[in-house]
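# Examination of the molecular architecture
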Amino acid sequence: MAKVREVLAEICLGYEETQVGATVRPYGNFDAAKDADDLATAIEVKGVDELTIINILTKRSNDQRQDIAFAYERKTKKKLDEKLKVALKGDLADVILGLLKTPAKYDAYELYQAMKGLGTTESTLTEILCSRTNEELHRITKTYKEAHKNDLDNSIKKDTSGLYRELLLALVKGIRCEPSNVIDYEQIDRDAKDLHDAMTTKKEKDFPRWISILTERSTPHLEKVFTRYRTYSPMEITETIKKSANGDLSDGLMDLVQCIQSKHKYFADKLIEAMKGKGTKEKLLTRIMVSRCEVDLFQIRREFKKKHGKSLHSAIADETKGDYQRALLSLCGGDDA
């Protein structure tokens, strides 16, 4: 168990700093053995006790879930995720199995699924790679190789093309500068001018320059660059992207800029997208709820309410049903009505 704790501590590095915005936090009076026993009973009971499974796994932190899985396997000699994969179906299974993975394993799995088989789900690649930190990206690439016996960048090269591929490959490197207390106003001005000139002073637009600046500079620096950009251009940075780029490259650059400006607003918009119109995009909804519930879902909830005019809790209640709904509402953590 000590080794497990050591590995988990490395995986969850920085968790304490992010949990201020978490809607799922470590459970008090945690007892991994008891939870494992209760899950074993819930899985084996006739008809499967989905409610107990939901109540336990949506109310424990990720490291606690890893301890539960370890205790379950020690008790039953079987893997918890494999038993739940058989016991649960559909969207509920996607939520619960996602929660059982570490954050890096979950992101690696989602990236793999996005490139698996015929066709590529570019929006998934863009969402994950644009919104993760350097450390998260490094863990994802390591985990991806361990799980799929292939480098993530090789998969991206195979399944994407052109400047969009170059954008993803630059993001995967995870070499964005960390925030600094020193504000370099000269560099801010140079970067703003370079972004403008790259779109206006050459016969061909210099998108590689954009990719370099947007994937290597720190987020606080780029926020100031975007403001300074307006002194060189009559358009906002996002308006320039819409006018100058198209297809997957345009979508990728837009997502990246929006993440730089505010990840909370970005994910709130994604949640609105997942539940607007006829039908619900369950995979998108599930991925955001699972991946952000221990990071910043509380702030995302607030931005969702500002933008949508109704609470995330209410939207989920309106657009989903059954045990899938119960699981998502538990991860949501409250109603901002």
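Rules behind the numbers
Residues numbered from 1 in each chain as written. Predicted model: local features only at pLDDT ≥ 70, side-chain atom pairs only at ≥ 80, totals over all residues. Heavy atoms only, no water. UniProt positions renumbered as here; feature names shortened; annotations may be inferred. Phe/Tyr/Trp six-rings, centres within 6.5 Å; stacked < 30°, edge-to-face > 60°. Buried < 20%, exposed > 50% of the residue type's maximum accessible area, 1.4 Å probe, protein only. Lys NZ or Arg CZ within 6 Å of the ring centre and 35° of its normal. Disulfide = S-S within 2.5 Å. Salt bridge = Lys/Arg side-chain N within 4 Å of Asp/Glu carboxyl O. Helix = DSSP H or I, 4+ residues; strand = E, 2+ residues; numbered from the N terminus. Contact = heavy atoms within 4.5 Å. Domains from an automatic or database assignment. Buried area = accessible area lost by both parts, 1.4 Å probe. Polar contact = N/O pair within 3.5 Å; in protein donor to acceptor, adjacent residues only side chain to side chain. Nonpolar A, V, L, I, M, F, W, Y, C, P; charged D, E, K, R; others polar. Axes fitted to C-alpha atoms, helices over the stretch in contact; angles between N-to-C directions. Parallel < 35°, antiparallel > 145°, perpendicular 65-115°, else oblique. Left-handed = near helix turned anticlockwise from the far one by under 90°. Expected span 1.5 Å × (residues − 1).

The protein chain has the name Annexin in an unreviewed UniProt entry, where Callorhinchus milii is given as its organism. Regarding the protein chain, the relevant UniProt record gives this comment under Sequence similarities (unreviewed entry): "Belongs to the annexin family."

### So, the packing of aromatic side chains
Counted by the stated rule, this structure contains two aromatic pairs. Ring centres of Tyr266 and Phe267 lie 5.1 Å apart, and the angle between their planes is 70°; on these two criteria the pair is classed as edge-to-face. Each of the two residues, Tyr266 as well as Phe267, counts as buried. Its guanidinium or amino end placed over the ring of Tyr27, Arg60 lies 3.7 Å from that ring's centre, counting from NZ or CZ. The residue whose ring lies beneath Lys101 is Tyr109, and the NZ or CZ to ring-centre distance is 4.5 Å.

### Topic: the state of the cysteines
Under the defined criterion, the tally for this structure stands at zero disulfides. No disulfide involves Cys177; its sulfur sits 17 Å from that of Cys130, the nearest cysteine. The thiol sulfur of Cys293 is not disulfide-bonded, and the nearest other cysteine sulfur, from Cys332, lies at 10 Å.

### Details of the pattern of salt bridges
Within the structure shown, the criterion is met by 26 salt bridges. Of the charged contacts in the structure, one is a salt bridge between Arg217 and Asp191, with a shortest N-O distance of 2.7 Å. Linking Arg217 in the loop between helix H14 (207-216) and helix H15 (219-229) with Asp191 in helix H13 (residues 185-200), this pair joins segments that are 26 residues apart in sequence. Classification of Arg217 as buried rests on a relative accessible area of 17%. On the basis of relative accessibility, which here comes to 0%, the residue Asp191 falls in the buried class. The closest approach of N and O atoms between Glu236 and Arg230, which form a salt bridge, is 2.9 Å. Take Arg230: its relative accessible area is 37%, and that puts it in the partly exposed class.

### Remarks on the environment of Met289
Relative to the assigned elements, Met289 resides in helix H19 (residues 282-292). According to the relative accessible area criterion, Met289 is buried, its value standing at 0%. In the structure, Met289 is positioned 191 residues away from Gly98 in sequence and 10.0 Å away in space, judged by C-alpha atoms. With residues near it in sequence (within four places) discarded, Met289 still touches Leu271, Leu297, Leu312, Ile316, Leu328, Leu331 and Cys332.

### Describing the domain arrangement of the protein chain
Each assigned domain of the protein chain is listed here: domain 1 (1-28 + 263-336), domain 2 (31-88), domain 3 (103-173) and domain 4 (185-261). Listed as interface residues are 13 residues of domain 1 and, on the opposing side, 10 residues of domain 3. Around 1,100 Å² of area is buried between domain 1 and domain 3 when both sides are counted, 48% of it from carbon and sulfur atoms. The interface formed by domain 1 and domain 3 contains two salt bridges. Of the charged contacts, one joins Glu127 and Arg287 as a salt bridge, the two residues approaching to 2.7 Å between their closest N and O atoms. At the junction of domain 1 with domain 3, the criterion picks out three residue pairs in polar contact (both at pLDDT 80 or more). Of the residues contributing to the side of domain 1 that touches domain 3, the split by class is seven nonpolar, two polar and four charged.

### With respect to the packing of H13 against H15
Contact geometry for H13 and H15: axes closest at 8 Å, N-to-C directions at 60°. One element, H13, and the other, H15, form an angle in the oblique class. As H13 runs across H15, the sense of the crossing is right-handed. Every residue of H15 that contacts H13 at Gln187, Ile188, Asp189, Asp191, Ala192, Leu195 and His196 is listed here: His221, Lys224, Val225, Arg228 and Tyr229.

### Some points on unusual backbone geometry
With a phi angle near 55°, Asn29 is a residue other than glycine that sits in the positive phi range. With respect to the element layout, Asn29 can be found in the loop between helix H2 (15-18) and helix H3 (32-44). Phi is positive for Lys149, which is not a glycine, with a value near 55°. With respect to the helices, strands and loops of the structure, Lys149 is situated in the loop between helix H10 (134-148) and helix H11 (152-159).

### A few points about the packing of H3 against helix H5 (residues 62-76)
Direction vectors running N to C along H3 and H5 enclose 65°, while the axes themselves pass 8 Å from each other. Judged by the angle between their axes, H3 and H5 are roughly perpendicular. Read as a crossing pair, H3 and H5 show a hand that is right-handed. Only Asp67, Ile68, Ala71, Tyr72 and Lys75 of H5 make contact with H3, whose side of the interface consists of Ala32, Ala33, Asp35, Ala36, Asp37, Leu39, Ala40 and Ile43.

### Some words on helix H8 (residues 103-115)
Given a rise of 1.5 Å per residue, 13 residues ought to cover 18 Å, and the 19 Å separating the end C-alpha atoms of H8 matches this to within 8%. Buried residues of H8: Ala104, Tyr106, Asp107, Ala108, Glu110, Leu111, Ala114 and Met115, and no others. In this structure, the buried side of H8 is in contact with helix H7 (90-100), helix H9 (122-131), H10, H11 and H19. Among the residues trailing H8, Gly117 stands out with phi positive, at a value near 70°.

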